[in-house]
Amino acid sequence: MELVSLILLIALFLCIGSFSSVVIYRLILIEFSNTNINLFKPRSHCPKCKKNISLIHLIPVVGYLLQQGKCINCMGKISYKYPLHELIHVAAGLFIYFYFGINFTSFLIYILFSIFYILFECELQKLFLPFYLNCLIAIIGFSTAFNGNIFHIESLNVFNITQFELSIYGFVVGYFILWLINIIYKFFKKRDGIGGGDFLLLGGIGSLVGPFILPPIIFIGSISTLILGLIYKLNLNNELPLGSGLIIGLIIYLLARFFELSLFGLVL
């Protein structure tokens, strides 16, 4: 029965990973082109020849392998990112399952992972952070802090305040620290240096981890952003995917906390 449950979980994570690919592709298309497409219609089709993809070729990973990475109709190349998204969701889902079990907490963690993953890809590809997904992170942060936080927010024993208050302060500090940096940058350069989506993203991250852990996340996130710029050969004098870097910073913090590692002098 354990094996059957594991196979069903893997199939579920593969399907969610496949759906995340659709969401990433269509959110970008909706934002940057004049189209009637939405998240659910029309049905999945080849972006090159526009022909519908058969049901068997929609099976996660299997469909990609059966087509050998090419559209069966026009022989156009299918991005390797589609099966990659699916496999990453399986890896993340199994990690959460084996260490946290099947419960409401693990469900919320996986939902957050999926949201952050979509934001990461949208920002990396088009410097685009969907507003409503950013807002959803903050909503989850506030609601879980009010009803037993999934991540215990570190107070450093400085103030005797509740987890919900720490979540609120984390959002405010996260949002306004980038807003202030952008105001200073704009004063000297006469143009924005950080997008509004980044303000809201860091605010959402702050609502999950509180205000005191934001400095190391920002530091790691800034370094990660530069590394992403170098890997993807972006012009470092132009816009960089800061949102993607901040998400990497958050993941590194959470992994360090989970494995009880020391990060910048903090025992997590």
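All values derive from a computational prediction rather than experimental measurement.

Here is what the cut-offs are and how they apply
Residues numbered from 1 in each chain as written. Predicted model: local features only at pLDDT ≥ 70, side-chain atom pairs only at ≥ 80, totals over all residues. Heavy atoms only, no water. Patch = residues over 30% accessible without salt bridge, like charges linked within 9 Å, V, L, I, M, F, W, Y side chains within 5 Å. Areas by Shrake-Rupley, 256 points an atom, 1.4 Å probe, with all protein chains shown as cover. Salt bridge = Lys/Arg side-chain N within 4 Å of Asp/Glu carboxyl O. Helix = DSSP H or I, 4+ residues; strand = E, 2+ residues; numbered from the N terminus. Buried < 20%, exposed > 50% of the residue type's maximum accessible area, 1.4 Å probe, protein only. Core = buried A, V, L, I, M, F, W, Y, C linked by side-chain atoms within 4.5 Å. Contact = heavy atoms within 4.5 Å. pLDDT = per-residue confidence, 0-100. Axes fitted to C-alpha atoms, helices over the stretch in contact; angles between N-to-C directions. Parallel < 35°, antiparallel > 145°, perpendicular 65-115°, else oblique. Left-handed = near helix turned anticlockwise from the far one by under 90°. Nonpolar A, V, L, I, M, F, W, Y, C, P; charged D, E, K, R; others polar.

(A) Just a nonpolar patch on the surface, in detail. Judged by side-chain polarity, Phe146, Phe164, Ile168, Tyr169, Val172, Phe176, Trp179, Leu180, Ile183, Ile184, Phe187 and Phe188 come together as a nonpolar surface patch covering roughly 1200 Å² of accessible area. The element best represented in the nonpolar patch is helix H6 (residues 163–189), accounting for 11 residues. Taking the relative accessible area as the measure of exposure, leucine 180 reaches 46% and is therefore partly exposed.

(B) Expanded view of the environment of leucine 156. Structurally, leucine 156 is set in the loop between helix H5 (131–146) and H6. Leucine 156 gets classed as partly exposed once you look at its relative accessible area, which sits at 37%. Here the alpha-carbon distance between leucine 156 and isoleucine 213, two residues 57 residues apart in the chain, equals 9.7 Å.

(C) Main features of the nonpolar core. The biggest cluster of nonpolar side chains holds 49 residues, and the ones touching the most others in it are Phe116, Leu119, Leu201, Ile205 and Val209. Those elements giving two or more residues to this core turn out to be helix H1 (2–32), helix H3 (81–100), helix H4 (104–126), H5, helix H7 (196–209), helix H8 (214–231) and helix H9 (242–258). Here the element with the most residues in this core is H4; it accounts for 12 residues. When near neighbours in sequence (up to four residues on either side) are disregarded, leucine 119 contacts Phe128, Leu129, Pro130, Leu133, Asn134, Ile137, Leu201 and Ile247.

(D) Expanded view of the confidence of the model for the protein chain. Residues with a pLDDT of 70 or more make up 94% of the protein chain, whose mean pLDDT is 88. Mean pLDDT across the secondary structure elements of the protein chain bottoms out at strand E2 (residues 266–267), with 48, and peaks at H7, with 95.

(E) The arrangement of the side chain of serine 224 in detail. As for its position among the elements, serine 224 is in helix H8. Look at serine 224 and you get buried, because its relative accessible area is 9%. When sequence neighbours within four positions are dropped, the list of residues in contact with serine 224 reads Gly245 and Ile248.

(F) Quick peek at the packing of H5 against H7. One can describe the packing of H5 onto H7 by two numbers: an axis separation of 7 Å at closest approach and a directional angle of 20°. Taken together, the axes of H5 and H7 are roughly parallel relative to one another. The crossing of H5 and H7 is left-handed. From H5, Phe131, Asn134, Cys135, Ile137, Ala138, Gly141 and Phe142 reach across to H7, where they touch Gly197, Leu200, Leu201, Gly204, Ile205, Ser207 and Leu208. Across the contact of H5 with H7, the residue classes tally to 9 nonpolar, 5 polar and no charged.

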